[in-house]
Amino acid sequence: MAHPAEIRSFDVFDTVLTRRVGRPTALLHLMGERLFSGRSIPCSANAFVEARTRYEHKLTVWFGRPAKLAEIYVSVAGALCLGPEDAEHLSLTELELERELSIAVPGARKMVDEARKESANSNVLFVSDTPHPEDFLRELLSAQGLFVAGDRVYGSAARGASKSAGGLFTIVAKEIGLPPASFLHTGDNVRNDVAAARVEGWRGRLQADGRLSRYEELMERNAPSLGTTISAMAGASRLARLEARTDGLAAEVADVASGVVAPFLIGYMCWIAAQAQLRGVRRLYFVARDAEVMLRIARPVLNRIAPDLECRYFYGSRQAWMLAASAYSDEILERWVTVRSDFTMRTTLARVGLSPEQVWEHVKIPLTNPVSADEPLSLDNRRIVSELLRTEPLYQFVREAAAQAAEVMTAYLRQEGFFDDSPSALVDTGWTGGVANAFDEVLSHAGGPAVHHFVVGVLQGQNDHKVGLGGRTIRAWLFDERHQQEVLRGFSAPNVMIEMFCGGTEGRLVGYERQGDVINPVLTAPDNVPLLEWGLTAVHDIAVQVAELFVAQLPAENVPRADWTGLIWSLLEAFWMHPTASEARRWGEFPWEEEIWPPFNPVAQSLSTCDVLARLRRGDSQIRRNNSWRAGSALASAQPWRSLLQIRGWERINQVRLQRLPRRLQLEIQKRRPGQ
């Protein structure tokens, strides 16, 4: 409860108001770009920002008080060889841009309204370090429903004193006519709003939610090289994050969804728009299930920057396409029945439409006994199962299942328009290229036209020489190990992280079926219940909201061409390689779906000695479950496995440095030797 005679006070920017961009200087960069494009300044945007910030600091030092906005622009105009009327224009332009970009911090209205109920006179104060006039601050606050009659506004420039340098809190208390102990000030800066208030006798309370998250700070660090669109991304992320947290979503989910998932998906869609424009693609097929959220992001983004692109949702999966392509290619069949670690007899046979009970009837060897069908196969048994599926009598059943799958898949492709004249591309996550290769095999065999494959990345696989069969092209955005084998050095399992972000809300596609004249997808379940219960919908909703907020600031039909991959990698690495403890705990519970039993497991595996020994006995060299999260597993595991996983992660991250160490030592020794 508040003190009986307490007056409540709030900082303005990043406490009750924020901007649709990241850092405050981002507003000045945007202003500089607009002034330069409109030929209102004779210098670059960066030079304008440098002058604007430099003269605010210099005038404050010279005057011994905070500089006013009009004073700043008189000096800026003089430095840029502009006239007095130009100084006024610059000042009005900054105020107009503030009006355009300012918005209430989500939850701020409720916070201020509750403070009014607790305040001694049912009104609040707004105290801000800013060069802006007080009536302008009042206008911004009123526009967002934060200011009511009876509230008061105090700006540092107008009062000749600041919170940071001292004096402003004392001036406010004297004008109100109450002792300093009667005031409680809330703000986002621990130094200027909390410590400074306490120094002058007020009480101070920190409310830092409006400050940028660690991911939004990363965006702003990249903004100087990538432009103000990245600052707009940071601002959109902050707004969506704060709104989600106000609605009760856990911070570790809201922060990652807005600051990592959203920029990743938006950046991918911008790249796809540029690729489609470059290659004459007019129709995009978003492949289930990973591209479900991609399509949701594509709608606002592509409608803004590439409205002529047609976007369709398309049911496809590794299961459906690899089995169908096996009808035409022995190489694809061999790849499809090659059993991976953690597979069981049941999950392996399901790939070719068989069950352990069926196989037991024809091949009565102990390995095929249904009693042990859900136990992970050892390395030797994996080889035996793969060979069984490629020899009689089981090979006959495999061929029949593949032929039937190919026939109905071809009909589905015709139904969905792949034999039209519209140049098309599939949008998906990617990886080793085997699934894209299988799709191309079926389409080519039916006489269909070549399509592009736009994917997030390509991983180095065992059969990479087969990728791109028949001249089909796979174009990767974020990484391509076929051409850059060192690109992922130190980054563990990026495919797992990306497929987490792109999880589907429906069950897995296992094939297609005829229902009259229509071909429909066959799913394991209507809903992907484990992911929905975990909270996937909220993650996707936040990402879509960020996209909608972001594109509102983009020029229409103007595809961003900057290379965002460096920024995206830094965001992904911050989360995946260096998660906070709360992020590792919440995201580590994510139910990863795999062709094993049980089909869903937490992506972060809590290692135990029994688990490790069981894997070693099966001939597996990796101590973790296939497709698990190393950093998350380390934080979820007890010793000594936690330290072992952390050491392995450190070794992978620093592998290049460690390899260079002997050479660096040799150079250092030679540097220190006396000259000869």
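This one's a predicted model, so the numbers in the text were calculated from it and none came from an experiment. (Residues numbered from 1 in each chain as written. Predicted model: local features only at pLDDT ≥ 70, side-chain atom pairs only at ≥ 80, totals over all residues. Heavy atoms only, no water.)

Remark: a regular strand shows side chains that alternate across the two faces of the sheet. With seven of its seven residues buried, strand β11 (residues 452-458) lies for the most part within the structure. With helix α20 (residues 434-445) bridging strand β10 (residues 424-431) and its parallel neighbour β11, the resulting β-α-β unit is right-handed. (Buried < 20%, exposed > 50% of the residue type's maximum accessible area, 1.4 Å probe, protein only. Helix = DSSP H or I, 4+ residues; strand = E, 2+ residues; numbered from the N terminus. Right-handed = clockwise from strand over helix to strand, strands pointing away.)

Packed helices, taken two at a time, are described by their axes: the angle between them and the distance between them. Where helix α10 (residues 214-226) contacts helix α11 (residues 228-246), the two axes come as close as 7 Å, and the packing angle between them is 160 degrees. Judged by the angle between their axes, α10 and α11 are roughly antiparallel. The handedness of the crossing between α10 and α11 is left-handed. Where α10 abuts α11, its residues E216, M219, E220, A223 and L226 lie against T229, I230, S231, M233, A234, S237, R238 and R241. (Axes fitted to C-alpha atoms, helices over the stretch in contact; angles between N-to-C directions. Parallel < 35°, antiparallel > 145°, perpendicular 65-115°, else oblique. Left-handed = near helix turned anticlockwise from the far one by under 90°. Contact = heavy atoms within 4.5 Å.)

Here the focus is the side chain of T429. Here T429 shows up in strand β10. Setting aside chain neighbours within four positions, we find T429 in contact with D290, M294, V455, V456, G457, I498 and C502.

Here we come to the confidence of the model for the protein. Per-chain confidence: the protein averages 87 in pLDDT, with 91% of residues scoring 70 or above. Across residues 462-471, where pLDDT falls below 50, the model places 11 contacts with residues more than four positions away in sequence or in other chains. (pLDDT = per-residue confidence, 0-100.)

The next thing to look at is the sheet that holds strand β6 (residues 183-187). A sheet is described by the order of its strands in space; here five strands give the open sequence β5-β4-β1-β6-β7, paired in parallel fashion. Only two strands of the sheet have a single neighbouring strand rather than two, namely β5 (152-155) and β7 (203-206). On average, each strand axis in the sheet is tilted by 25 degrees relative to the strand beside it, whichever way the strands run. Where β6 meets β7, four bridges bridge the pair, whose relative direction is parallel. Across the sheet, the residue bridging to L184 is R203, located in β7. (Pairing = 2+ DSSP bridges.)

Right, let's talk about the pairing of strand β8 (residues 283-287) for a bit. Burial analysis of β8 places five of its five residues in the buried class, which makes it a mostly covered element. Here β8 shows no split at all, with R283, Y285 and V287 on one side and L284 and F286 on the other all buried. In terms of strand pairing, β8 meets β10 through four bridges, oriented parallel. In the sheet register, R283 faces β10, and the bridge partner there is S424. Read as a crossover between parallel neighbours, the route from β8 over helix α13 (residues 291-305) to strand β9 (residues 310-314) is right-handed.

To continue, consider unusual backbone geometry. In terms of backbone geometry, most residues other than glycine have negative phi values and most peptide bonds are trans. Along the chain, A288 connects to R289 via a cis peptide bond; the corresponding omega equals -10 degrees. The residue R289 is located in the loop between β8 and α13 in this model. A cis amide bond links E392 with the next residue in sequence, P393, at an omega value of 10 degrees. A positive phi is found at R39, a non-glycine position, where the angle reads about 60 degrees. Here the phi dihedral of W431 falls at roughly 100 degrees; this positive angle occurs in a residue that is not glycine.

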